[in-house]
Amino acid sequence: MDKKVVYSAVQPSGNLTIGNYVGAIRNWLSMQEDYDCFFAIADLHAVTVRHEPAELRRRTAELAALYLACGIDPSRCALYVQSQVSAHAELCWLLNSVAYVGEMSRMTQFKDKSAKHEDNINMGLLDYPVLMAADILLYQTDYVPVGADQKQHVEIARDIAARFNNRYGETFRIPEPLIKKEGAKICSLQEPTKKMSKSDENPNASVLLTDDRDTVLRKFRRAVTDSDGEVRYAPAEKPGVSNLLAIYAAFKGCSPEEAAGEFAGKGYGDLKTAVGETVSDALAPVQAERERLLKEKTYLAGVLAEGAEKAFRAARRTLSKVYRKMGFYRGE
Ligand code: ATP
Ligand code: LTN
């Protein structure tokens, strides 16, 4: 039987945080064995907010190197840059005629980003979920592993697929979001009820995958906790301490409750130092490998070209089917 298909992507829109790692990329690794995986760098999505061209180019290469350094294996999946497979933009256009402006303008991310970038509410920002639906549907995807914040976008992709199938006949498989309970939401170190985000303005709020040891230790030392002094896992009551325990647990491979047990009778200082050391120990080899790969420009470009080729071969089948179903003239 054919393997099930997995699709996911991250935008090259900033420096990735340990939230992106624990909530997204790390979960992709084990899937490479059992599924047909497509992992993309969503550069077409990244231009929906104002960007610097040279920075986009640099960040795209950096994200590719990071994927590889984290253990994404290009011989077992298609690792590629979205804009190098033109089928994404083509299918987006075709799906635009079955997506409604009303539903797009109700998306949480569209509302948040429009509020944040009031001077640049462009068509791409509104169309973002349709492009994301095109990404997913092109590969007849079964599962989309993402963090909790992307659930709504996967749901709209399902709606668009079902509507298209209904109007033109069975064409797309209906995808399902795959959201892990643990690590689906790593919180900010400064406002622990908010998610840790790569675009946070406070540099102490997020631990970046590129932060050196001293920076990681310092950010954890400054993390907001509470004044009761007892290390306990109780997210509602003690969000700061619980977030530290959740991060420690995610990197140690245990449950947050087990992590709390390790610190029974110890103070917040011990917890902060231990989390900082654990995270920076885990990041060190990934950072070294990323640095090494960034120097191998020809290798990196080759891996991405091969990935785009692989993705294109799969995407082409769905795209021709869509053109046919919609009645585009192909010579007969
Ligand atoms: P931005 O702040 O620029 O919107 P982001 O940090 O939210 O960016 P995305 O590129 O939107 O990152 O997300 C990439 C992937 O990482 C998605 O699957 C998303 O759900 C996941 N993710 C992002 N932040 C977290 C977090 N704090 N905890 C767990 N998963 C996360
Ligand atoms: N919008 C996503 C990135 C993304 C994506 C996708 C995720 C673009 N296309 C397809 C899953 C499937 C985000 O994480 N911000």
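Cut-offs used in this document
- Residues numbered from 1 in each chain as written.
- Chains lettered and ligands numbered in written order.
- Predicted model: local features only at pLDDT ≥ 70, side-chain atom pairs only at ≥ 80, totals over all residues.
- Heavy atoms only, no water.
- Helix = DSSP H or I, 4+ residues; strand = E, 2+ residues; numbered from the N terminus.
- Buried < 20%, exposed > 50% of the residue type's maximum accessible area, 1.4 Å probe, protein only.
- Contact = heavy atoms within 4.5 Å.
- Areas by Shrake-Rupley, 256 points an atom, 1.4 Å probe, with all protein chains shown as cover.
- Lys, Arg positive; Asp, Glu negative; His and termini not counted.
- Charge placed at Lys NZ, Arg CZ, Asp CG, Glu CD.
- Near = heavy atom within 4 Å.
- Polar contact = N/O pair within 3.5 Å; in protein donor to acceptor, adjacent residues only side chain to side chain.
- Nonpolar A, V, L, I, M, F, W, Y, C, P; charged D, E, K, R; others polar.

Asks: Requested: an account of the overall build of the protein chain, with residues and values cited.
Replies: Secondary structure assignment for the protein chain yields 14 helices and five strands. With the C-alpha coordinates aligned to their principal axes, the bounding extent of the protein chain is approximately 80 × 45 × 45 Å. Looking at the protein chain as a whole, 50% of its 332 residues qualify as buried. Put simply, 76% of the contacts in the protein chain that link residues at least 6 apart link residues at least 24 apart. Carbon and sulfur atoms make up 50% of the accessible area of the protein chain, which totals about 16,100 Å². One finds the centroid of the 45 positive side-chain charges in the protein chain at a distance of 3 Å from the centroid of its 45 negative side-chain charges.

Asks: Go over the site of ligand 2 with me, naming the residues and quoting the values.
Replies: As a structural note, the neighbourhood of ligand 2 is formed by 13 residues, with Q11, Y128, M132, D135 and Q150 the closest of them. D135 is positioned with one of its side-chain polar atoms (N or O) 2.7 Å from a nitrogen atom of ligand 2. In the environment of ligand 2, a nitrogen atom lies 3.1 Å from a nitrogen or oxygen atom belonging to the side chain of Q150. For ligand 2, whose free accessible area comes to 360 Å², the fraction covered by protein is 91%. Listing elements by their share of the shell around ligand 2, those giving two or more residues are β1 (5-10) and α8 (123-138). The residue makeup of the shell around ligand 2, split by class, is eight nonpolar, four polar and one charged.

Asks: So what about the site of ligand 1? Which residues, and what values?
Replies: Near ligand 1, the surroundings consist of 19 residues, among which D149, K195, S197, K198 and S199 are the closest. The contact in question runs from an oxygen atom of ligand 1 to an N or O atom on the side chain of D149, over 2.4 Å. Within the complex, 93% of the 610 Å² of free accessible area of ligand 1 lies under protein. At four residues, the largest contribution of residues to the shell around ligand 1 is made by helix α1 (residues 18-29). Residues that form the shell around ligand 1 fall into these classes: six nonpolar, nine polar and four charged.

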